[in-house]
2 protein chains.
Amino acid sequence: MSEKISQAVIRRLPRYYRYLEEVEAKGVDKISSSRMSTEMGLNASQIRRDLNCFGGFGQQGYGYSVGKLKKEMAHILGLDKRYKVIIIGAGRIGHALLGYKGFMLEGFDVTDIFDADKGKIGTDIEGKKVLDINGLDRYLQENAIDLAMICTPKEHAQSIADRLVSLGIRGIWNFAPTDVDVRRGVAVENVHLSDSLYVLAYKLNQ
Amino acid sequence: MSEKISQAVIRRLPRYYRYLEEVEAKGVDKISSSRMSTEMGLNASQIRRDLNCFGGFGQQGYGYSVGKLKKEMAHILGLDKRYKVIIIGAGRIGHALLGYKGFMLEGFDVTDIFDADKGKIGTDIEGKKVLDINGLDRYLQENAIDLAMICTPKEHAQSIADRLVSLGIRGIWNFAPTDVDVRRGVAVENVHLSDSLYVLAYKLNQ
DNA sequence: TAGATTGTTAATCGATTAACAATC
DNA sequence: TAGATTGTTAATCGATTAACAATC
């Protein structure tokens with residue numbers, strides 16, 4: 001927080017967290033940067049440097065405590081809190097995200113799902129009744145929601161994002177194939193699944 | 001192809017492609033790096049440099065032809081070919097990917113979907129009958145498939161990947177929350193949706 | 001203490017940006 | 001031709017890696 005953490009470092013944080021979960025599950029309780037280096041395929045200096053952005057979690061001559069480091073990592077990522085989430089768009093991706101039980105374990109509670117399609121509103125998906133997007137403003141006034149997942153067609157993504165932000169949403173996970181822009185202070189992650197598929201096609205042809 | 005293209009450049013290619021589709025749809029037929037710079041939020045030098053990795057597509061004093069550049073981009077990414085694709089895992093993500101019509105337009109034909117669950121095998125999803133994973137080897141011997149999307153639980157991702165590669169699959173789009181490793185010459189894109197959610201949580205807390 | 005491994009500074013490497021000559 | 005804009009070289013910036021002193 002004091003000095004600015006680079007994007008490159010931030011993008012590696014979830015990977016550290018995943019790795020630590022894995023080794024903890026194996027019953028490992030002490031780990032060195034050199035072992036992490038071998039097993040993760042990252043440079044050991046880089047690992048120590050990355051971790052030191054957030055504090056001195058290690059101990060010279062010993063290494064890092066897996067349990068402590070994982071806990072610190074969870075805290076840095078904000079995974080030691082719980083988040084209330086809504087999904088906008090009850091198409092296939094919205095449906096898939098709603099049904100993914102992993103989110104709940106990780107602290108993300110999907111409270112409701114919205115759609116504009118009269119044919120979908122009121123139907124039941126994964127045990128949730130699809131709500132009318134027209135009731136969104138009132139809903140957000142009455143419920144404290146932390147973040148929204150946008151699973152609409154790309155045409156509606158930006159306007160929905162604007163509406164969400166104006167209603168107080170502070171974080172947006174966007175699956176529509178377009179970048180949504182928001183004012184400073186609001187967090188957005190644009191997923192762009194097809195970008196990843198395009199890169200795969202590129203690699204396939206090398 | 002001659003000189004090595006950096007990962008950073010490769011990751012920007014789909015973004016150029018998306019942008020070019022957009023401006024073409026608006027009827028723009030000529031574009032300069034400086035306009036691209038403003039509209040995409042990238043540095044103009046970087047754009048010219050990136051494009052020049054693949055050839056001199058522009059014309060001094062004029063700029064780039066949108067149609068030509070988009071076509072070149074599609075060619076570089078390999079989007080001017082068609083790919084036969086199978087999906088492994090008929091859970092929610094597999095289902096969502098199978099149903100996404102956009103892939104077909106972009107050259108990716110999903111021919112079949114496989115699962116190990118007796119309760120799912122033989123059922124109909126999005127007009128496809130779910131096939132038994134036990135028949136995978138034979139299926140791949142009899143059908144020329146270019147790439148596979150892995151949508152299994154993480155425990156099975158690596159072993160399925162190994163099997164796919166040994167059967168001749170050259171590209172893997174992996175949605176299981178673990179990195180799959182393959183031999184040189186096989187292309188993999190590990191998606192890691194939850195990494196992106198974790199980064200969002202991180203940003204939310206800054 | 002001796003051995004191990006961190007935290008951190010210094011060196012290297014690569015990517016981004018600026019500048020400008022070439023040229024349409 | 002004059003103006004515009006590319007392609008490309010040179011300068012800058014930031015990220016990665018190596019090295020090592022601090023210290024458990």
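In this text, all values refer to a predicted model and were calculated from it rather than measured experimentally.

Parameters at a glance
- Residues numbered from 1 in each chain as written.
- Chains lettered and ligands numbered in written order.
- Predicted model: local features only at pLDDT ≥ 70, side-chain atom pairs only at ≥ 80, totals over all residues.
- Heavy atoms only, no water.
- Least-squares fit on C-alpha atoms with pLDDT ≥ 70 in both.
- Near = heavy atom within 4 Å.
- Polar contact = N/O pair within 3.5 Å; in protein donor to acceptor, adjacent residues only side chain to side chain.
- Helix = DSSP H or I, 4+ residues; strand = E, 2+ residues; numbered from the N terminus.
- Domains from an automatic or database assignment.
- Contact = heavy atoms within 4.5 Å.
- Buried area = accessible area lost by both parts, 1.4 Å probe.
- Salt bridge = Lys/Arg side-chain N within 4 Å of Asp/Glu carboxyl O.
- Nonpolar A, V, L, I, M, F, W, Y, C, P; charged D, E, K, R; others polar.
- Disulfide = S-S within 2.5 Å.
- Buried < 20%, exposed > 50% of the residue type's maximum accessible area, 1.4 Å probe, protein only.
- Core = buried A, V, L, I, M, F, W, Y, C linked by side-chain atoms within 4.5 Å.
- Phe/Tyr/Trp six-rings, centres within 6.5 Å; stacked < 30°, edge-to-face > 60°.
- Axes fitted to C-alpha atoms, helices over the stretch in contact; angles between N-to-C directions.
- Parallel < 35°, antiparallel > 145°, perpendicular 65-115°, else oblique.

### Considering the relation of the copies chain A and chain B
- In screw terms, the move from chain A to chain B is a rotation of 180 degrees and a rise of 0.0 Å along the axis, fitting with an RMSD of 0.0 Å. Both copies of the chain, as the preceding transformation shows, are related through a two-fold rotation axis. Relative to the rotation axis, the closest C-alpha in chain A is found at Ala96 of chain A, a distance of 3.3 Å.

### As for the protein's contact with DNA strand C
- Around DNA strand C sit 26 residues, and of these Ser33 and Arg48 of chain A together with Ser45, Arg49 and Gln59 of chain B come closest.
- Within the side chain of Arg48 of chain A, an N or O atom sits 2.7 Å from a base oxygen of DNA strand C.
- Tyr64 of chain A is positioned with one of its side-chain polar atoms (N or O) 2.8 Å from a phosphate oxygen of DNA strand C.
- Contributions of two or more residues to the surface near DNA strand C are made by α3 (44–52) of chain A together with α1 (7–25) and α3 (44–52) of chain B.
- No other element matches α3 of chain B, which puts 4 residues into the surface near DNA strand C.

### Describing the domain arrangement of chain A
- Domain assignment breaks chain A into domain 1 (7–76) and domain 2 (83–196).
- Spacing between the C-alpha centres of domain 1 of chain A and domain 2 of chain A amounts to 32 Å.

### Side note on the interface of chain A and chain B
- If you look at the interface, chain A gives 53 residues, while chain B gives 53 residues.
- Of the roughly 4900 Å² buried between chain A and chain B, counting both surfaces, carbon and sulfur atoms make up 65%.
- Of all residues in chain A, Arg92, Tyr198 and Tyr202 of chain A bury the most surface against chain B, accounting for 16% of the area lost on that side.
- Linking chain A with chain B are 6 salt bridges.

### Re the protein's contact with DNA strand D
- In the vicinity of DNA strand D there are 26 residues, among which Ser45, Arg49 and Gln59 of chain A together with Ser33 and Arg48 of chain B approach most closely.
- Backbone atoms, meaning sugar and phosphate, form 58% of the atoms of DNA strand D found within 4 Å of the protein.
- Ser33 of chain B places a side-chain nitrogen or oxygen 2.7 Å from a phosphate oxygen of DNA strand D.
- At the level of secondary structure, the elements contributing two or more residues to the surface near DNA strand D comprise α1 (7–25) and α3 of chain A together with α3 of chain B.
- Take the surface near DNA strand D: its biggest share by element is 4 residues, from α3 of chain A.
- When the residues that make up the surface near DNA strand D are grouped by side-chain class, the tally is 4 nonpolar, 16 polar and 6 charged.

### Regarding the state of the cysteines
- Per the stated rule, a full pass over the model turns up 0 disulfides over all chains.
- No disulfide involves Cys151 of chain B; its sulfur sits 16 Å from the nearest other cysteine sulfur, which is in Cys151 of chain A.
- A relative accessible area of 12% means that Cys151 of chain B is categorised as buried.

### Some details on the nonpolar core
- Phe108 and Trp173 of chain A together with Phe108 and Trp173 of chain B are the most contacted members of the largest nonpolar core, which totals 102 residues.
- Sequence-distant contacts of Trp173 of chain B, defined by excluding residues within four places in its chain, comprise Leu193, Ser196, Leu197 and Leu200 of chain A together with Leu97, Phe103, Ala148, Met149, Ile150, Glu189 and Val191 of chain B.

### A word on the packing of aromatic side chains
- A complete count under the given rule lists 12 aromatic pairs over all chains for this structure.
- For the pair Trp173 of chain A and Phe175 of chain A, a centre-to-centre distance of 4.8 Å together with 75 degrees between the ring planes defines the contact as edge-to-face. Across the pair, exposure class does not vary: Trp173 of chain A and Phe175 of chain A are buried alike.
- Measuring from ring centre to ring centre gives 5.1 Å for Tyr83 of chain B and Phe108 of chain B, while their planes differ by 15 degrees; the resulting arrangement is stacked. Here the residue Tyr83 of chain B occupies a position in strand β3 (residues 83–88), and Phe108 of chain B occupies one in strand β4 (residues 108–115), the gap between them amounting to 25 residues.
- Relative accessible area serves as the criterion here: at 4%, Tyr83 of chain B is assigned to the buried category.

### Some remarks on the packing of α1 of chain B against helix α2 (residues 33–40) of chain B
Residue and element names in this part refer to chain B.
- Viewed as axis vectors pointing N to C, α1 and α2 meet at an angle of 100 degrees, and their least axial separation amounts to 12 Å. Our classification of the angle between α1 and α2 gives roughly perpendicular. Contacts between α1 and α2 involve Arg15, Tyr16, Tyr19 and Val23 on the former and, on the latter, Arg35, Met36, Glu39 and Met40.

### Quick word on the pattern of salt bridges
- Throughout the structure, instances matching the rule amount to 22 salt bridges over all chains.
- A salt bridge links Glu39 of chain B to Arg35 of chain B; the shortest N-O distance between them is 3.0 Å. Of this pair, Glu39 of chain B and Arg35 of chain B both sit in helix α2, 4 residues apart, which is roughly one turn of the helix.
- Here Arg163 of chain B and Asp137 of chain B are joined by a salt bridge, their closest N and O atoms 2.9 Å apart. Of this pair, Arg163 of chain B sits in helix α8 (residues 154–166) while Asp137 of chain B is found in helix α7 (residues 136–142), placing the two residues 26 residues apart along the sequence.
- Taking the relative accessible area as the measure of exposure, Arg163 of chain B reaches 26% and is therefore partly exposed.
- Relative accessible area serves as the criterion here: at 30%, Asp137 of chain B is assigned to the partly exposed category.
- A single salt-bridge network, built from bridges that share partners, covers Arg11 and Glu189 of chain A together with Lys203 of chain B.

### So, unusual backbone geometry
Residue and element names in this part refer to chain A.
- If you check the backbone angles, His192 has positive phi at about 50 degrees while not being a glycine.
- With respect to the helices and strands, the residue His192 is situated in the loop between β10 (187–190) and α9 (193–204).
- Note on His192: relative accessible area 9%, which makes it buried.

### What to know about the side chain of His192 of chain A
- Separated by 3.5 Å, the side chains of His192 of chain A and Arg18 of chain B make a polar contact.
- Contacts of His192 of chain A, omitting those with residues within four sequence positions, involve Asn174, Ala176, Pro177, Thr178 and Asp179 of chain A together with Arg18 of chain B.

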